[in-house]
Amino acid sequence: MSVLLVFPGMEALATQIVERTGGDAHPVDLHHFPDGETLVTLPEQLLDQDVVILATLHDPDRVALPLTFAANTAREFGARSVGLIAPYLAYMRQDYRFAPGQAVSAPIFARFLQETVDWLVTADPHLHRIHSLGALFDIPTRRIKAAPLLAEWIKANVPDAVLLGPDGESRQWVAEVARLVGRPFEVLEKVRSGDREVLVSVPQNEALMAGTPVILDDIASSGRTMIEAIARLADAGCRPPVCVVIHAVFSGDAYAQILKAGAARIVTTNSIPHESNAISLADPLADATSELTDNS
């Protein structure tokens, strides 16, 4: 039986996971001092326990040091093993040196994590040139897939959905969700000219005009792709789209701006706590966690 140590903001997901795996959940107390340092406090009763830390990493520069403090302190208190459930895994997009002098952060951050924990569970990391977690990590990892959960939600809530992928890279996983839903899909053509400059073209499609567009994306950060897509769908005379996202990063006022642009609804998983969370990752996270703790 494992002990789940829960970082602030992850309490709702922790409750759902513990309901499925058993064990106990305890908060990780983080006290932030005025000088920017953080004091981490854990329960001391961890002797011979398999400890699982639940901490999403959408704000990694603020969370990473407290995470390693928590893992090392758990071992100091006698934990038999320390694993990490990080539903959102940061720094995976920087997997290439796009300009001279840049750090290639993905492998560096992976090494940092595997020096901190014994195993890792995450949900749909944003991998491109690196095709698997095994190429980055030497510790056991599990990558859960949100596609079946997205499909289940869409099937129940948008029966006339026409799925739209944000770009060519999304084609394979959007096609998988569409197959599971049993609805047609299209892929938008996207050209990005900066962090917040995106041009999108919408395909001409009779099903798209007759159904409800559902824009799928793995990450919504600046929101510019969705905002542009919503505008182009409106120009084409389509219905207001439903936006379904795995990771609700929503930097700045991106969430409000997507709604303002005309989205009928924005739905996300609970990989990052947000008011739009409507799809729970608890079942696959719990299954992967049980598998790894049973083998530890």
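Keep in mind the model is a prediction, meaning the values are calculated, not measured.

K.L.:
How should the packing of helix H7 (residues 224-235) against helix H8 (residues 254-261) be read in this particular structure?
P.N.:
Between H7 and H8, whose axes approach to 9 Å, the crossing angle comes to 5°. Taken together, H7 and H8 sit at an angle that is classed as roughly parallel. The segment H7 lies against H8, with Met226, Ile227 and Ile230 engaging Gln257, Ile258 and Ala261. A per-class count over the contact of H7 with H8 returns five nonpolar, one polar and no charged.

K.L.:
Help me out: how do you make sense of the sheet that holds strand S6 (residues 81-86) in this one?
P.N.:
The strands making up a sheet are joined through hydrogen bonds of the backbone, oriented either antiparallel or parallel. Taken in spatial order, the six strands line up as S2-S1-S5-S6-S7-S8 in an open sheet, and their pairing is parallel. Since the sheet does not close on itself, it has two edges, and those belong to strand S2 (24-27) and strand S8 (141-144), each with one partner. Strand-to-strand, the axes of this sheet are offset by a mean angle of 20°, without reference to chain direction. Bridge count between strand S5 (residues 50-54) and S6: five bridges; the pairing is parallel. Each residue of the ladder has a partner; that of valine 51, found in S6, is valine 82.

K.L.:
I keep staring at the pairing of strand S13 (residues 212-220) and nothing clicks. Help me out?
P.N.:
Sheet faces and side chains relate simply in a regular strand, where the side chains alternate between the two faces. Buried residues dominate S13, accounting for nine of its nine residues. By the bridge criterion, four bridges tie strand S9 (residues 161-165) to S13 in an arrangement that is parallel. Bridge pairing in S13 links leucine 164 to isoleucine 215. Pairing of S13 with strand S14 (residues 242-248), which is carried by six bridges, proceeds in the parallel orientation. From the neighbouring strand, isoleucine 215 faces S14, where its bridge partner is cysteine 243.

K.L.:
What is the right way to read the nonpolar core from this model?
P.N.:
Judged by nonpolar contacts, the single largest core of 41 residues is most densely connected at Leu54, Ile154 and Val244. Looking at this core, the element that brings in the most residues is helix H4 (residues 147-157), giving six residues. With near-sequence residues (within four places) excluded, leucine 54 lies in contact with Leu4, Leu5, Val6, Phe7, Met10, Leu13, Ala14, Ile17, Ile85 and Pro87. Among the nonpolar cores identified, the runner-up in size contains 39 residues, and Leu5, Phe7, Val82 and Leu127 belong to it.

K.L.:
Would you take a moment to explain the environment of arginine 20 for this structure?
P.N.:
Following the sequence through the fold, arginine 20 ends up in helix H1 (residues 11-21). Sequence spacing of arginine 20 and alanine 282 is 262 residues, and the spatial spacing of their C-alpha atoms is 8.1 Å. Sequence-distant contacts of arginine 20, that is, excluding residues within four places in its chain, are made with Ala282, Asp283 and Ala286.

K.L.:
When you look at the sheet that holds S9 in this model, what are you seeing that I'm missing?
P.N.:
Reading across the sheet, the six strands line up as S10-S9-S13-S14-S15-S16 and stay open at both edges, with parallel pairing between neighbours. Looking at which strands have only one partner, the edges of the open sheet turn out to be strand S10 (185-187) and strand S16 (277-279). Each neighbouring strand pair of the sheet contributes to a mean axis angle of 35°, computed without reference to strand direction. In this sheet, strand S15 (residues 265-269) lies alongside S14 in parallel orientation, the contact comprising four bridges. Following the sheet pairing, valine 245 is matched in S15 by threonine 268.

K.L.:
What is the right way to read the side chain of aspartate 50 from this model?
P.N.:
Along the chain, aspartate 50 turns up in strand S5. Looking at aspartate 50, the relative accessible area reads 4%, which means it is buried. Looking at aspartate 50, its side chain comes within polar contact range of the side chain of serine 81, at 2.7 Å.

K.L.:
What is the right way to read H7 from this model?
P.N.:
One full turn of an α-helix is made of 3.6 residues, so residues set three or four places apart face in the same direction. Taking 1.5 Å per residue, 12 residues should reach 16 Å; H7 reaches 17 Å between its end C-alpha atoms and fits that length. What H7 keeps buried is the set Thr225, Met226, Ile227, Glu228, Ala229, Ile230 and Leu233. Immediately downstream of H7, the backbone of glycine 237 shows phi near 85°, a positive value.

K.L.:
Looking at this structure, how should I read the state of the cysteines?
P.N.:
Structurally, a disulfide amounts to a covalent bond that connects the sulfur atoms of two cysteines. In total, this model carries zero disulfides according to the counting rule given. Of all cysteine sulfurs, the one in cysteine 243 lies closest to cysteine 238, which takes part in no disulfide; the gap is 13 Å.

K.L.:
Just checking my understanding: could you explain the packing of H4 against helix H5 (residues 171-181) for this structure?
P.N.:
Helix-helix packing is characterised by the crossing angle of the two axes and by the distance between the axes. Direction vectors running N to C along H4 and H5 enclose 45°, while the axes themselves pass 9 Å from each other. For the element pair H4 / H5, the angle class is oblique. The way H4 lies across H5 gives a crossing that is right-handed. Of H5, the residues touching H4 (which contributes Ala147, Pro148, Leu150, Ala151, Ile154 and Lys155) are Trp173, Glu176, Val177, Leu180 and Val181. For the contact of H4 with H5, the class distribution of residues is nine nonpolar, no polar and two charged.

Thresholds applied
Residues numbered from 1 in each chain as written. Predicted model: local features only at pLDDT ≥ 70, side-chain atom pairs only at ≥ 80, totals over all residues. Heavy atoms only, no water. Axes fitted to C-alpha atoms, helices over the stretch in contact; angles between N-to-C directions. Helix = DSSP H or I, 4+ residues; strand = E, 2+ residues; numbered from the N terminus. Parallel < 35°, antiparallel > 145°, perpendicular 65-115°, else oblique. Contact = heavy atoms within 4.5 Å. Nonpolar A, V, L, I, M, F, W, Y, C, P; charged D, E, K, R; others polar. Pairing = 2+ DSSP bridges. Buried < 20%, exposed > 50% of the residue type's maximum accessible area, 1.4 Å probe, protein only. Core = buried A, V, L, I, M, F, W, Y, C linked by side-chain atoms within 4.5 Å. Polar contact = N/O pair within 3.5 Å; in protein donor to acceptor, adjacent residues only side chain to side chain. Expected span 1.5 Å × (residues − 1). Disulfide = S-S within 2.5 Å. Left-handed = near helix turned anticlockwise from the far one by under 90°.

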